Amino acid sequence: MATSTTAMATTTSTTTPTGGSLFPDDANVTYEMRILDGILAFAYALHTATFFPANTTLIVEKLRILKENLLPVIVSVHPDKEFRKDVSGLLGNISKSSGAITKDQWMAMLDGIAPRRMRQQPDAFWKHCKNFNCGLWQFFHALTLGVDMKFSATTAKDSNGEKVMETIKSFVTYFFMCHSCAQHFIKGYDNCVGERCTMPNPDRRHTALWLWRVHNM
């Protein structure tokens, strides 16, 4: 089912300060709920983690990671067709920009991913999750669904398991605001937690299994 930011805004949820599921029984949670929460977490991260308070333009290293790794892989593997189109549009806007991207320009670009009010205050819009961390894991799990799916011949080279693992690490490194959490994840990644280093050609099943192991480390 195609997902849109309009659909994201149609239902609000009651939230609490703690993490976890809104539902005691995950059988009530649909695929669409997980996809929408993942997209919202992605949009929130790009809204909040691309500028430091003193910066007036997009941090150069984060811009490079977005252009060269994160966005191309997301366009290649995310299972939602409409979201892939939205991210492709964001990548195109970044590529067409000459010079530094200002904060106002960046926020306008992100409007194509999710409405600004949702990016600023996501807690009212989660479908299944209660917080950003839960939504981010939904997003990562969605990326594993597209491994080797080859949604497009031009993006097939970015759809392998190794690329997806690398992309998840890059996202945590550059766009996860909990520094200690990011360092814990990076250390595990570099130490081959989840048998990452023994998967020479990880397929979708292997990549999903790796993420599950990392999530529970």
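The name recorded for the protein in an unreviewed UniProt entry is Sulfhydryl oxidase, from Perkinsus marinus. The UniProt entry for the protein carries the following comment under Catalytic activity (unreviewed entry): "2 R'C(R)SH + O2 = R'C(R)S-S(R)CR' + H2O2".

1. Here we look at the pattern of salt bridges
If you walk through the whole model with that rule in mind, you get seven salt bridges. Of the charged contacts in the structure, one is a salt bridge between Arg213 and Glu195, with a shortest N-O distance of 3.4 Å. Here Arg213 is found in helix α10 (residues 204-215), whereas its partner Glu195 is found in the loop between α9 (179-190) and α10, with 18 residues between them in sequence. Classification of Arg213 as partly exposed rests on a relative accessible area of 25%. A relative accessible area of 45% means that Glu195 is categorised as partly exposed. Linked through salt bridges whose partners overlap, the residues forming this network are Glu61, Arg64 and Glu68.

2. Here we look at the packing of aromatic side chains
By the definition in use, this model includes 13 aromatic pairs. The interplanar angle of 90° and the centroid separation of 5.5 Å between the aromatic rings of Phe42 and Phe83 together place this pair among those described as edge-to-face. In this pair, Phe42 is assigned in helix α2 (residues 31-48) and Phe83 in helix α4 (residues 81-96), connecting sequence segments 41 residues apart. Across this residue pair, the class does not change: Phe42 and Phe83 are buried. Here Phe171 and Phe175 contribute two aromatic rings whose centre-to-centre distance is 5.5 Å and whose plane-to-plane angle is 40°, an arrangement assigned as tilted. You can see Phe171 and its partner Phe175 sitting in helix α8 (residues 161-175), four residues apart, about one turn around the helix. Here the two residues Phe171 and Phe175 agree in accessibility, since each one is buried. Each residue in the set Phe42, Phe83, Trp137, Phe139, Phe140, Phe171 and Phe175 is aromatic and connected to the rest through ring pairs, giving one cluster. One cation-aromatic arrangement involves Lys62 over Phe175; the distance from NZ or CZ to the ring centre is 5.5 Å. In this structure, Arg196 is placed above the aromatic ring of Tyr189, and the distance from its NZ or CZ to the ring centre is 3.8 Å.

Rules used in this analysis
Residues numbered from 1 in each chain as written. Predicted model: local features only at pLDDT ≥ 70, side-chain atom pairs only at ≥ 80, totals over all residues. Heavy atoms only, no water. UniProt positions renumbered as here; feature names shortened; annotations may be inferred. Salt bridge = Lys/Arg side-chain N within 4 Å of Asp/Glu carboxyl O. Helix = DSSP H or I, 4+ residues; strand = E, 2+ residues; numbered from the N terminus. Buried < 20%, exposed > 50% of the residue type's maximum accessible area, 1.4 Å probe, protein only. Phe/Tyr/Trp six-rings, centres within 6.5 Å; stacked < 30°, edge-to-face > 60°. Lys NZ or Arg CZ within 6 Å of the ring centre and 35° of its normal.

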